[in-house]
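# Analysis of the macromolecular model
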Amino acid sequence: MSAVQKSVQPFLPFTRPSIDEETIALVAEVLRSGWLATGPKVAQLEAELSRYLGGRPIRSQTSATAGMEMALLACGIGPGDEVITPALSFVATANVIMRVGARPVFVDVGLDSRNIDLDQAEAAVTPRTRAIMPVHFAGLPADMDRLYALAARHKLRVIEDAAHAIGSQWRGKRIGSFGDLVCFSFHPNKNITTIEGGAISGGSAEELKSIELHRWHGLVKLGSDGFDTLLPGGKSNLSDVAAAVGIGQLKHLEAFNARRRALVARYFELWGARAPVRLPERGDDGHSWHVFTPLLPLTELRISRSEFIEAMKARDIGVGVHYPAIHLYSCYRALGYHEGQFPNAERVGRETVTLPLFPAMELRDVDRVVHAVNEVLAGARR
Ligand SMILES: *Cc1c(COP(=O)(O)O)cnc(C)c1O
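The sections below set out a description of the structure shown in this document. (Residues numbered from 1 in each chain as written. Predicted model: local features only at pLDDT ≥ 70, side-chain atom pairs only at ≥ 80, totals over all residues. Heavy atoms only, no water.)

L49, I84, F106, I132, I175 and F184 are the most contacted members of the largest nonpolar core, which has 64 residues in total. For this core, the two domains that each supply at least three residues are domain 1 (3-14 + 253-378) and domain 2 (21-250). In contact with I175, not counting residues within four places along its chain, are L53, H136, P141, M144, E160, A162, A165, S168, Q169, W170, V182 and F184. With 32 residues, the next largest nonpolar core counts W271, L296, L357 and V366 among its residues. (Core = buried A, V, L, I, M, F, W, Y, C linked by side-chain atoms within 4.5 Å. Buried < 20%, exposed > 50% of the residue type's maximum accessible area, 1.4 Å probe, protein only. Domains from an automatic or database assignment. Contact = heavy atoms within 4.5 Å.)

Turning our eyes to something else, we now look at the site of the ligand. Near the ligand there are 15 residues, and of these T65, D161, H164, S185 and K190 occur at the shortest range. Here an oxygen atom of the ligand and a side-chain polar atom of S185 are 2.7 Å apart. In this structure, an oxygen atom belonging to the ligand sits 3.1 Å away from a side-chain N or O atom of K190. Bound to the protein, the ligand loses 92% of the 380 Å² it would expose on its own. Ranked by residue count, the leading element in the shell around the ligand is helix 4 (residues 64-74), at three residues. Here the shell around the ligand is built from residues that sort into six nonpolar, seven polar and two charged. (Near = heavy atom within 4 Å. Polar contact = N/O pair within 3.5 Å; in protein donor to acceptor, adjacent residues only side chain to side chain. Areas by Shrake-Rupley, 256 points an atom, 1.4 Å probe, with all protein chains shown as cover. Helix = DSSP H or I, 4+ residues; strand = E, 2+ residues; numbered from the N terminus. Nonpolar A, V, L, I, M, F, W, Y, C, P; charged D, E, K, R; others polar.)

Two elements in contact, helix 4 and helix 8 (residues 205-215), have axes whose closest approach is 9 Å; the angle formed by their N-to-C orientations is 130 degrees. Accordingly, the angle class assigned to the pair helix 4 and helix 8 is oblique. Considering the relative orientation of helix 4 and helix 8, their crossing is right-handed. Here M70, L73 and A74 of helix 4 lie close against helix 8, whose contacting residues are E207, S210, I211, H214 and R215. Taken together, the residues that form the contact of helix 4 with helix 8 break down as four nonpolar, two polar and two charged. (Axes fitted to C-alpha atoms, helices over the stretch in contact; angles between N-to-C directions. Parallel < 35°, antiparallel > 145°, perpendicular 65-115°, else oblique. Left-handed = near helix turned anticlockwise from the far one by under 90°.)

Enumeration over the complete set of coordinates arrives at 19 salt bridges. E212 is the salt-bridge partner of R59, the closest N and O atoms lying 2.6 Å from each other. In this pair, R59 sits in strand 1 (residues 58-61) while E212 sits in helix 8, placing the two residues 153 residues apart along the sequence. Among the ionic pairs, E339 bridges to R333, the shortest N-O distance being 3.0 Å. One salt-bridge network, in which partners are shared between bridges, spans R59, K209 and E212. (Salt bridge = Lys/Arg side-chain N within 4 Å of Asp/Glu carboxyl O.)

It is worth spelling out unusual backbone geometry at this point. In this structure, the amide linkage connecting H322 to the following residue, Y323, adopts the cis form with an omega of 5 degrees. Looking at the element boundaries, Y323 is found in the loop between helix 11 (305-314) and helix 12 (330-333). The backbone of R114 shows a phi angle near 60 degrees, a positive value even though the residue is not glycine. Locating R114 in the fold gives a position in the loop between strand 3 (103-107) and helix 6 (118-123). The exposure class assigned to R114 is buried, which follows from its relative accessible area of 2%. Non-glycine residue H217 carries a positive phi angle of around 65 degrees. One can find H217 in the loop between helix 8 and strand 10 (219-222).

What follows deals with the sheet that holds strand 2 (residues 82-86). Here seven strands make up an open sheet; going across it, the order is 1-9-8-5-4-2-3 and the pairing mixed. Unpaired on one side and paired on the other, strand 1 and strand 3 mark the two borders of the sheet. Averaged over all adjacent pairs, the angle separating strand axes in this sheet is 25 degrees, with direction ignored. Sheet topology note: the strand 8 (residues 181-185)/strand 9 (residues 198-202) ladder contains five bridges and is antiparallel. Within the sheet, the bridge partner assigned to L181 lies in strand 9 and is G202. Of the strands in this sheet, strand 1, strand 2, strand 5 (157-161), strand 8 and strand 9 are in contact with helix 4, which crosses strand 8 at around 165 degrees. Along the sheet, helix 5 (residues 92-99) makes contact with strand 2, strand 3 and strand 5, crossing strand 3 at roughly 150 degrees. (Pairing = 2+ DSSP bridges.)

Assignment of secondary structure puts E69 in helix 4. Judged by relative accessible area, E69 falls into the buried class, the value being 18%. When the C-alpha positions of E69 and C183 are compared, they lie 9.9 Å apart, and in sequence the two are 114 residues distant.

Okay, here's the thing in C-alpha cells:
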C-alpha cells in the first residue's frame, strides 16, 4: 500500500526549473554553431529583455552577484561610503557592498512583507551614505514611490536587488522598466534561468560604459588589431549557450508567473485565516511569487525548524530556508552587528520555511503540502 502511494507521490522539491524541448533544441543549435561565448544569442537576449522592460538598456552578466558588484562600482561607490540595505536577504546583497570596500548599513524589514523598512532607511542616512539597495523580497515590490522619493531627497543612487522580481509590477509598471540600476538573477531557482546569469536594467551612459568595462577586462578595441585597457576589469560576460536558455525561458515568463500566483492563491485559499503558520503579505497581481515563505509558530511547538524540515522530508516534500538574517553571520558580526538590532529580520530568519512553489506544480501538490504541514504541526504543539 505504501509502495503504491510512493509511486504516485514522487519527491516534491521546493523549486525546480521548467525547460522545454524548444529551448533544448536552441541550445543544441548554439553548441553546433561554432560560437559558444558572448555573441549573437547574448545580443538577442539583451534585446528581448529590453523590449520586455520598456526599451531600457540591458547589460547581461554571469550572475546577479556580479551585476550588483559592477553596479556599485559603476556608481563610484567604494571605501568610506555607506550603502543602506535590509538585514534580510540572500547574503550576496551585503557581500557585494563589502567587496567594493563600502560599509553595509543594515535596517529592518516588515515582518510580513520582508521588504526594507523605509522609515528606518531614512533614519540611517548619514553624510557618507551614497546608495540604497532594496530587495523586492519574494517578488513583492518595495514601495517604489517612497523609495525613490527618499533617494531623491538625499541624492542617493538606488541599486535594486531584483533577483526575485523579474515580471513583478509596481502600480502596473514592471520592475526594471524604471528606476536607477535594477539587477536580476537567472540562477536556476529564480523565475527564469540562464543556468547561471543575471542582467542589469537601466543606468546612465557613463554607468553603462563602466559596467561594460568591468564585465570584460576593462578592454576596448582599437581598430582591427589593437586593444586598450581602461581599468582593471573582471570577467563576467554571459555565454551564448546560457543566453539561448534565457531566450527560451523568457517566452514563458508571464505564464510561469501566472502559474506561481495561482499556486499561491491555492495556499491562501486552503489556509485562509485559520493557517497554522503566519502567511506572508499577499500583495496584488504585481507579485511574481519567487518563493512562498510562511513563518512557523516555533514558540508554540515542541520541535525545531530543522525537525520540521526533516518531518516534511519524511513525507517526500522539500522545504528550504530563505533566509537567515545577514547581520548575524560572522562576516557581519565582525563589523559590530549583533542580535537584537533587527527583530523582524531575526524572527523571520529563525522561523521562515520555504514551501514548494514552481510552475510545473499542480494544485493538488499544494493540497498535499498543506495537508503535510497541518499534520506535522498538529502533532508538534506544546
Ligand atoms: C539569488 C539571489 C542573489 C544572487 O543571484 P546570483 O545570480 O546567484 O548571483 C542575490 N540576491 C537575492 C535576493 C537572491 O535571491
